Amino acid sequence: MTLLLAFCDYLGNAVKDLVSAPRPCSPPVRRVTATEDEKENAMEYGLPSSHALNTVCLMGYMLHYVLTYGPCDGFMIATGLSLAFMLVTLIGIARVYLGMHSLTDVIAGISFGIVILAFWLVVHDHVDAFVVSGQNVTFFWASLSLVMCFAYPRPEFPTPSFEFHTAFNGVAFGIVYGVQQTYTRFHGPEAPLILSHQLPLLAYAGRVLVGIPTILAVKSCSKALSKWLLPVMCSTLGIPTVSSCYVPALKPSDIGGGSGNKDEAKQAGGYLQRVFSLFPQKAYDVDTGIRFVQYAGLAWSVVDLVPVIFTHLNL
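This is a predicted model, so every value here is computed, not measured.

Rules used in this analysis
- Residues numbered from 1 in each chain as written.
- Predicted model: local features only at pLDDT ≥ 70, side-chain atom pairs only at ≥ 80, totals over all residues.
- Heavy atoms only, no water.
- Salt bridge = Lys/Arg side-chain N within 4 Å of Asp/Glu carboxyl O.
- Helix = DSSP H or I, 4+ residues; strand = E, 2+ residues; numbered from the N terminus.
- Buried < 20%, exposed > 50% of the residue type's maximum accessible area, 1.4 Å probe, protein only.
- Expected span 1.5 Å × (residues − 1).
- Bend = angle between axes of the 7 residues up to and from the residue.
- Contact = heavy atoms within 4.5 Å.
- Domains from an automatic or database assignment.
- Buried area = accessible area lost by both parts, 1.4 Å probe.
- Polar contact = N/O pair within 3.5 Å; in protein donor to acceptor, adjacent residues only side chain to side chain.
- Nonpolar A, V, L, I, M, F, W, Y, C, P; charged D, E, K, R; others polar.
- pLDDT = per-residue confidence, 0-100.
- Axes fitted to C-alpha atoms, helices over the stretch in contact; angles between N-to-C directions.
- Parallel < 35°, antiparallel > 145°, perpendicular 65-115°, else oblique.
- Left-handed = near helix turned anticlockwise from the far one by under 90°.

Draft legend 1. Region of the structure containing the pattern of salt bridges. Counted under the stated rule, the structure contains three salt bridges. Across the salt bridge formed by Lys 16 and Glu 44, the nearest N and O atoms sit 3.6 Å from each other. Placement of Lys 16 in helix 1 (residues 2–19) and of Glu 44 in the loop between helix 2 (36–41) and helix 3 (50–69) is noted, with a sequence separation of 28 residues between them. Both residues of the pair, Lys 16 and Glu 44, belong to the buried class. A single network of salt bridges, built from pairs that share partners, joins Lys 16, Arg 23 and Glu 44.

Draft legend 2. Looking closely at helix 8 (residues 201–237). If you check helix 8, its first and last C-alpha atoms are 51 Å apart, about what 37 residues at 1.5 Å a residue would give, namely 54 Å. Where helix 8 bends most, at Ser 226, the angle is about 30°. Considered for burial, the residues of helix 8 that qualify are Ala 203, Gly 206, Gly 211, Thr 214, Ile 215, Val 218, Ser 222, Ser 226, Leu 230, Pro 231 and Cys 234. Looking at the buried residues of helix 8, the elements they touch are strand 1 (241–242) and helix 10 (286–312). Just downstream of helix 8, Gly 238 is the residue with a positive phi angle, here 80°.

Draft legend 3. Seen up close, the domain arrangement of the protein. Each assigned domain of the protein is listed with its residue range as follows: domain 1 (1–133) and domain 2 (137–251 + 270–314). Inter-centroid distance (C-alpha atoms) of domain 1 to domain 2 is 23 Å. When residues of domain 1 are sorted by the area they lose upon contact with domain 2, Tyr 10, Asp 17 and Val 131 head the list and together hold 28% of the total. Applying the counting criterion to the domain 1 and domain 2 interface returns zero salt bridges. In this structure, the connection of domain 1 to domain 2 is made through eight residue pairs in polar contact (both at pLDDT 80 or more). When contributions to the side of domain 1 that touches domain 2 are tallied by element, the ones reaching two or more residues are helix 1, helix 2 and helix 5 (103–133). For the side of domain 1 that touches domain 2, a count of residues per class yields twelve nonpolar, four polar and five charged.

Draft legend 4. How the structure looks around unusual backbone geometry. Residue Pro 48 is reached from Leu 47 by a cis peptide bond, and omega for that bond is 0°. Within the secondary structure, Pro 48 sits in the loop between helix 2 and helix 3. Non-glycine residue Ser 20 carries a positive phi angle of around 55°. You can see Ser 20 is positioned in the loop between helix 1 and helix 2. At Asn 314, a residue that is not glycine, the phi angle is positive and equals roughly 55°.

Draft legend 5. Focus on the confidence of the model for the protein. For the protein, per-residue confidence averages 84 on the pLDDT scale, and 90% of positions sit at 70 or higher. For the stretch residues 255–273, pLDDT sits under 50, and the model shows 15 contacts to residues farther than four places along the chain or on other chains.

Draft legend 6. Main features of the packing of helix 1 against helix 5. Running from N to C, helix 1 and helix 5 cross one another at 140°; their axes reach a closest spacing of 10 Å. Between helix 1 and helix 5, the interaxial angle falls into the category oblique. Read as a crossing pair, helix 1 and helix 5 show a hand that is right-handed. Listed contacts from helix 5 to Leu 3, Leu 4, Phe 7, Cys 8, Leu 11 and Val 15 of helix 1 are Phe 112, Ile 116, Phe 119, Trp 120, Val 127 and Val 131. Here the residues of the contact of helix 1 with helix 5 sort into twelve nonpolar, no polar and no charged.

This is how it looks when you write it as structure tokens:
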């Protein structure tokens, strides 16, 4: 499901920035944004609606999972389809009511979601088998993540869509790397179920109290480490970089330097800098790498580090 949502996030945001269709004009439309996150989301383009797209894929995949592995009769199918249809409809109405999308955006999001869900239901077993028992999984997924960071359209005006995609891209890589390493130990069919005799309520509460702070600590440490390490690595390799927010010293307004600095960079960069000079982009935003690493670290800790800690604490 995490990989499906990462796929949805990439395709939905890529189409948004490729089409660059604006949200409904405000005014005359009154846009309701109660939090800073919602205000940031409002800076994205409108078509398709990511909420509608993701809801279709999430509910459709959950319904598929329940009907495949649980009791499946006419009543269950009718109930599941009704709940999924109701939630998708309510999400679509809410996006229009809040002034975040037009009806066309919502219909496009639902349509994209149906197509992506249909495709995923065909390939998800193959993806699952590859992640669990394939060869060179980590190398392949790292390469795919890198390609997805570069194979992304440049919008007419800057939006946070690429930042959201980078974060989810990191989560997908962290999940794949962690599960591939620890599937047989922690994530197989014999894994204990919540509130079963193997994992009673007290043990589950202990997992929450230990696991959540650990995950947040790993995310914070990953961010701090990458903020220090990535600029140093790029500088050593001669890769030109800027930073939009994470590294103040690399903000575009602070980067100028004399010809001496440029000569030193050329000497240090050597072959790699000549390679990067062939690309049209003059400098690369190091924040992309920092964001990817911190969310990859977060996801890896969920499926690898935290289960190991639970084992040592008998949780």
